[in-house]
Amino acid sequence: DGGITQSPKYLFRKEGQNVTLSCEQNLNHDAMYWYRQDPGQGLRLIYYSQIVNDFQKGDIAEGYSVSREKKESFPLTVTSAQKNPTAFYLCASSTTGGVSGNTIYFGEGSWLTVV
Amino acid sequence: GDSVTQMEGPVTLSEEAFLTINCTYTATGYPSLFWYVQYPGEGLQLLLKATKADDKGSNKGFEATYRKETTSFHLEKGSVQVSDSAVYFCALGAAGNQFYFGTGTSLTVIP
């Protein structure tokens, strides 16, 4: 089935460590996104990529990094510079160039906890 | 800039009650409008969408109509079930694959 796969579902990070969250999609979408969601809160955009080898900062990019070497993959690294990384992270991808507008789809999310 | 404002929650309803969650938007151009549903610990699932004025999106008994004159896209369901308990997000899709989300409305349906 086509979809967006995020891994791992749960991840624990020690202080000072970098961790990488994986996001893979087989929907043939050009655009991909990373959002952060804190408990009981809405979505905040971290980074997005409209095409391979290109990405832009979102509203809260500090302490995060991404790469887009393949169309299917958009991994997010949470660096030690991110002081409060405990959150639920959502990867998404969207159709592009649609005549009737584009739609964004989400993965199942990854929980990151600092221990 | 483009934005979405949706009704503050939480909302608590009895089973079989009528549901309305308000959503209004501000946009330049001709955006697409969406409702997403999020169950605890999961990602957002597309519930319904509308791509132009007067379009009605519908799915699983939920409906929303794209009203350009009132810049609204209110979510409605005639008879909610306990299984509808979730967080609902209104969203706008703008040019350049930019998406804007409301803050979410938590719905709890009690038997």
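Everything numeric here is computed off the predicted structure, so don't read it as measured data. (Residues numbered from 1 in each chain as written. Chains lettered and ligands numbered in written order. Predicted model: local features only at pLDDT ≥ 70, side-chain atom pairs only at ≥ 80, totals over all residues. Heavy atoms only, no water.)

**So, the side chain of Asn97(B)**
Which entries qualify depends on this criterion: Each helix corresponds to a stretch of at least 4 residues labelled H or I by DSSP, and each strand to a stretch of at least 2 residues labelled E; elements are numbered beginning at the N terminus. Only protein chains enter the accessibility calculation, which uses a 1.4 Å probe; a residue whose area is less than 20% of its type maximum is buried, one above 50% is exposed, and one in between is partly exposed. Nitrogen and oxygen atoms within 3.5 Å of one another constitute a polar contact, given that in protein one can donate a hydrogen and the other can accept it, and given that sequence-neighbouring residues count only through two side-chain atoms. The contact definition used throughout considers only heavy atoms, calling two residues in contact when any of these lie within 4.5 Å.
Mapped onto the elements, Asn97(B) comes out in the loop between strand E10 (86–94) and strand E11 (98–101). What makes Asn97(B) buried here is its relative accessible area of 10%. In terms of polar contacts, Asn97(B) uses its side chain to reach the side chain of Gln50(A), at 3.1 Å. The contact partners of Asn97(B), leaving out residues within four places of it in the chain, are Ala31(A), Tyr33(A), Gln50(A), Ser94(A), Thr95(A), Thr96(A) and Asn102(A).

**Digging into the pattern of salt bridges**
Using the following cut-off: When a carboxyl oxygen of Asp or Glu lies within 4 Å of a side-chain nitrogen of Lys or Arg, that pair is called a salt bridge.
Following the criterion strictly, the structure yields six salt bridges over all chains and no others. Measuring nitrogen to oxygen at the nearest pair gives 3.0 Å for the salt bridge that ties Arg36(A) to Asp38(A). Summarising the burial analysis for this pair, Arg36(A) and Asp38(A) share the class buried. A salt bridge links Glu63(B) to Lys56(B), with the nearest nitrogen and oxygen atoms 3.6 Å apart. Take Glu63(B): its relative accessible area is 34%, and that puts it in the partly exposed class. Because the salt bridges share partners, they merge into one network encompassing Arg36(A), Asp38(A) and Arg44(A).

**Some thoughts on the pairing of strand E6 (residues 54–57) of chain A**
Residues and elements named next belong to chain A. Heads up, the condition is: Should DSSP find at least two bridges between two strands, the strands are regarded as paired.
Across three bridges, strand E5 (residues 43–51) lies against E6 in antiparallel orientation. Within E6, the residue paired with Tyr47 across the bridge is Lys57. Counting the residues between successive antiparallel strands, the hairpin from E5 to E6 contains two residues, one of them, Asn53, with a positive phi of roughly 65°.

**Thoughts on the interface of chain B and chain A**
Condition: A 1.4 Å probe defines the accessible area here, and the buried area is the portion of it lost by two parts on being joined, summed over both. Polar here means any residue outside two lists: the nonpolar Ala, Val, Leu, Ile, Met, Phe, Trp, Tyr, Cys and Pro, and the charged Asp, Glu, Lys and Arg; Gly therefore counts as polar.
At the junction of the two partners, chain B supplies 18 residues and chain A supplies 25 residues. Between chain B and chain A, the buried area comes to about 1,600 Å², and carbon and sulfur atoms account for 51% of it. Here chain B is connected to chain A by zero salt bridges. Summed over the shared surface of chain B and chain A, the number is nine residue pairs in polar contact (both at pLDDT 80 or more). The set of elements that each furnish at least two residues to the side of chain B that touches chain A consists of strand E5 (32–38), strand E6 (44–50) and E11 of chain B. With four residues, E5(B) is the largest single contributor of residues to the side of chain B that touches chain A. Considered class by class, the residues forming the side of chain B that touches chain A number seven nonpolar, nine polar and two charged.

**A closer look at the sheet that holds strand E9 (residues 75–77) of chain B**
Residue and element names in this part refer to chain B. Condition: Each axis is a line fitted through C-alpha atoms, and for a helix only the stretch in contact is used; angles between axes span 0 to 180 degrees, taken between their N-to-C directions.
Reading across the sheet, the four strands line up as E3-E9-E8-E7 and stay open at both edges, with antiparallel pairing between neighbours. On the outer flanks of this sheet lie strand E3 (19–21) and strand E7 (56–59), each paired with one strand and no other. Between one strand and the next, the sheet's axes are offset by a mean angle of 15°, whatever the strand orientation. With two bridges joining them, strand E8 (residues 62–65) and E9 adopt antiparallel strand pairing. Bridge assignment links Glu63 to a residue of E9, and that residue is Glu76.

**Some points on the environment of Val52(A)**
Residue and element names in this part refer to chain A. Mapped onto the fold, Val52 is located in the loop between E5 and E6. Look at Val52 and you get partly exposed, because its relative accessible area is 30%. Remark: the alpha-carbon pair of Val52 and Phe88, spanning 36 residues in sequence, is separated by 25 Å. If we ignore the near neighbours within four places in the chain, the residues touching Val52 are Arg68, Glu69, Lys70 and Lys71.

**Topic: the state of the cysteines**
Note the cut-off: We call a pair of cysteine sulfur atoms a disulfide when they lie within 2.5 Å.
Tallied over the full model, the rule gives two disulfides over all chains. What pairs with Cys23(A) in a disulfide is Cys91(A), and their sulfur atoms sit 1.9 Å apart. Every disulfide takes its handedness from the sign of the S-S torsion; for Cys23(A) and Cys91(A) that torsion is -75°, giving left-handed. In this pair, Cys23(A) sits in strand E3 (residues 19–25) while Cys91(A) sits in strand E9 (residues 87–94), placing the two residues 68 residues apart along the sequence. Note that Cys23(B) is cross-linked by a disulfide to Cys90(B), the S-S spacing being 1.9 Å. Taking the torsion about the sulfur-sulfur bond, which here is approximately -70°, the covalent link between Cys23(B) and Cys90(B) counts as left-handed. Taken together, the positions of Cys23(B) in strand E4 (residues 23–26) and Cys90(B) in strand E10 put the pair 67 residues apart, joining distant regions of the chain.

Everything listed is a geometric property; what it means functionally is a separate question.
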